[in-house]
Amino acid sequence: MMQILANTARLMLAEGKGLLAIDESVATCNKRFAELGIDQTETARQNWRELMITTPNLSECISGVILYDETIRQHQQNHSSFSQAISTAGMVPGIKVDTGSKALAGHEGEQVSEGLDCLRERLQEYSAMGVRFAKWRAVITVGEHLPSLAGIDANAHALARYAALCQEAGLVPVVEPEVLMTGSHSLAQCQAVTETVLRCVFGQLARQGVALEGMILKANMVLPGLNCEQQAGLMEVAEATLNCLLRTVPAAVPGIAFLSGGQSAQLATARLQAISSLAPICTPWCLTFSFARAIQQPALAIWAGRPENRLAAQQALLHRARCNQAARRQEYSP
Ligand code: 13P
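Residues numbered from 1 in each chain as written. Predicted model: local features only at pLDDT ≥ 70, side-chain atom pairs only at ≥ 80, totals over all residues.

- For the chain, the name recorded in an unreviewed UniProt entry is Fructose-bisphosphate aldolase, with Methylomonas paludis as its organism.
- A UniProt comment under Pathway (unreviewed entry) is attached to the chain, and it reads "Carbohydrate degradation; glycolysis; D-glyceraldehyde 3-phosphate and glycerone phosphate from D-glucose: step 4/4." (UniProt positions renumbered as here; feature names shortened; annotations may be inferred.)

**What to know about the overall build of the chain**
Item 1. Counting its secondary structure elements, the chain contains twelve helices and ten strands.
Item 2. Scaling as 2.2 N^0.38, a compact globule of 334 residues should have a C-alpha radius of gyration of about 20 Å, and the chain matches this with 19 Å.
Item 3. In terms of overall dimensions, the chain has C-alpha extents of about 50 × 45 × 40 Å along its principal axes.
Item 4. Taken over 334 residues, the chain has a buried fraction of 49%. (Helix = DSSP H or I, 4+ residues; strand = E, 2+ residues; numbered from the N terminus. Rg over C-alpha atoms; globule rule 2.2 N^0.38 Å. Buried ≥ 20, exposed ≤ 12 C-beta atoms within 10 Å, placed from the backbone.)

**Digging into the site of the ligand**
Item 1. Lining the immediate surroundings of the ligand are 13 residues, of which Ala21, Leu259, Ser260, Ala292 and Arg293 lie closest.
Item 2. Elements represented by at least two residues in the shell around the ligand include exactly strand S6 (133-140) and helix H11 (293-303). (Near = placed C-beta within 6 Å.)

**Details of the sheet that holds S6**
Item 1. Taken in spatial order, the eight strands close into a barrel running S1-S2-S3-S6-S7-S8-S9-S10, and their pairing is parallel. Each strand of the sheet is rotated relative to its neighbour by a mean of 25°, with strand direction disregarded.
Item 2. The pairing of strand S3 (residues 92-96) with S6 spans three bridges and is classified as parallel. Pairing of Lys96 across the sheet is with Lys135, part of S6. (Pairing = 2+ DSSP bridges. Axes fitted to C-alpha atoms, helices over the stretch in contact; angles between N-to-C directions.)

**Some remarks on unusual backbone geometry**
Item 1. Note that the residue after Leu146, namely Pro147, is joined by a cis bond; omega there is 0°.
Item 2. Topologically, Pro147 is positioned in the loop between S6 and helix H7 (149-168).
Item 3. Unusually for a residue other than glycine, Asn57 sits at a positive phi of about 70°.
Item 4. Within the fold, Asn57 resides in the loop between helix H3 (42-53) and strand S2 (62-67).
Item 5. Positive phi values are uncommon outside glycine, yet Gln330 reaches one of about 60°.

**What about helix H12 (residues 310-328)?**
Item 1. The first and last C-alpha atoms of H12 sit 27 Å apart over 19 residues, in line with the 27 Å expected at 1.5 Å per residue.
Item 2. Every buried residue of H12 is accounted for by Ala313, Gln314, Ala316, Leu317, Leu318, Arg320, Ala321, Cys323, Asn324, Gln325, Ala327 and Arg328.
Item 3. Contacts made by the buried residues of H12 are with strand S1 (18-21), H3, S2, helix H10 (265-278), strand S10 (286-291) and H11. (Expected span 1.5 Å × (residues − 1). Contact = placed C-beta atoms within 7 Å.)

**Considerations on the packing of H11 against H12**
Each packed pair of helices is defined by two parameters, the angle between the axes and the distance between the axes.
Item 1. Interhelical geometry of H11 versus H12 gives an angle of 160° and a closest axis separation of 8 Å. Judged by the angle between their axes, H11 and H12 are roughly antiparallel. In terms of crossing hand, the pair formed by H11 and H12 is right-handed. Taken together, the residues of H12 that come into contact with H11 (itself represented by Ala294, Ile295, Gln296, Pro298, Ala299, Ile302 and Trp303) are Arg310, Ala312, Ala313, Ala316, Leu317, Arg320, Ala321 and Asn324.
Item 2. Partitioned by chemical class, the residues of the contact of H11 with H12 number eleven nonpolar, two polar and two charged. (Parallel < 35°, antiparallel > 145°, perpendicular 65-115°, else oblique. Left-handed = near helix turned anticlockwise from the far one by under 90°. Nonpolar A, V, L, I, M, F, W, Y, C, P; charged D, E, K, R; others polar.)

**Thoughts on the environment of Asn7**
Item 1. Here Asn7 is to be found in helix H1 (residues 2-12).
Item 2. Exposure remark for Asn7: the 13 C-beta atoms within 10 Å place this residue in the partly exposed category.
Item 3. Separated by 49 residues in the primary sequence, Asn7 and Pro56 place their C-alpha atoms 25 Å from one another.

**Let's talk about the environment of Leu180**
Item 1. Counting through the fold element by element, Leu180 comes out in the loop between strand S7 (172-179) and helix H8 (187-207).
Item 2. The exposure class of Leu180 is buried, given the 21 C-beta atoms found within 10 Å.
Item 3. In sequence terms Leu180 and Val65 are 115 residues apart; their C-alpha atoms lie 22 Å from each other.
Item 4. Apart from residues lying up to four places away in sequence, Leu180 is in contact with Val139, Ile140, Thr141 and Val142.

**Considering the pairing of S6**
Item 1. Summarising burial for S6: eight of the eight residues are buried, a large majority.
Item 2. Here S6 shows two buried faces, one formed by Phe133, Lys135, Arg137 and Val139 and the other by Ala134, Trp136, Ala138 and Ile140.
Item 3. In this sheet, S7 lies alongside S6 in parallel orientation, the contact comprising eight bridges. Among the inter-strand pairings, Ala134 is bridged to a residue of S7, identified as Pro173.
Item 4. In this region the chain leaves S6, passes through H7 and returns to the parallel neighbour S7; the handedness of that crossover is right-handed. (Right-handed = clockwise from strand over helix to strand, strands pointing away.)

**Here's the deal with the confidence of the model for the chain**
Item 1. Confidence in the prediction of the chain, expressed as mean pLDDT, is 97, and 100% of residues score 70 or more.
Item 2. Model confidence for the complex: the whole-complex pTM is 0.98, and ipTM, which rates the interface, is 0.94. (pLDDT = per-residue confidence, 0-100.)

Shown next, in the form of structure tokens:
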């Protein structure tokens, strides 16, 4: 089993490639569509996702694609399933398996991700559909008295139980504790919170017996809050992010894939490049991207739900994926 997990992780972390996340829940996908005046229908969501995964040459820079439950049950116009189409194109299919975050009882302003009930059975079903990895996202809010230890513990525990179930099913868990950018906290506060969260997550992963060699960490970059008056330069972000990860992520973890978290596409790529430029001298893990908005958003705005914009949208999607590949190789120029 360990060999299967390590092989999948190796494919997902292939040189110069990263993950494309297209795993928005129905509500989140509809929200992004509504902002651009796109119909909020199942057909529109299917068309958008089919457009993305059939982008020619995408597999040159994308190693794996994270799907959502609705999408994995849909079929493309040529009748093949999304997971078959992704595999045939030379990418690894994955699936988001948390069922979203809910208010944490007794802890105002904090959330805990749900989805552990029947997860073993759901993973078996997804595995039979051809999926080889799964993703679970926990969200951590930074505020005056947040996050609480209760909020961190609850999310870390759920992540570890999810990760253990994934490995039992032969699926690589992508473990995503996201410290949100919303708020007015400083770079230093984000670093301190992210360190505390990651220490707790790796403690829980050890307690649940998760094999670090067979998982991938999906991490936030260390950034000041969006409303913080003092924003940070590229190298400051890179240093804070790497210091945080070096202090908390064991060397046995094969790779860390960054989320974009609402940064603009260009900034996410520039920061990925800054991190990649410092990493080779100090990190034991492979560093890559697992972006949703920072790859999709420019292409979605071009598509706008219109079939005649399909090719232009695919070109924009491929362009952002290529930019992030270049950033991994420190060859990106904005
Ligand atoms: P963003 O890159 O838009 O933050 O999405 C990350 C994510 O978790 C989706 O899988």
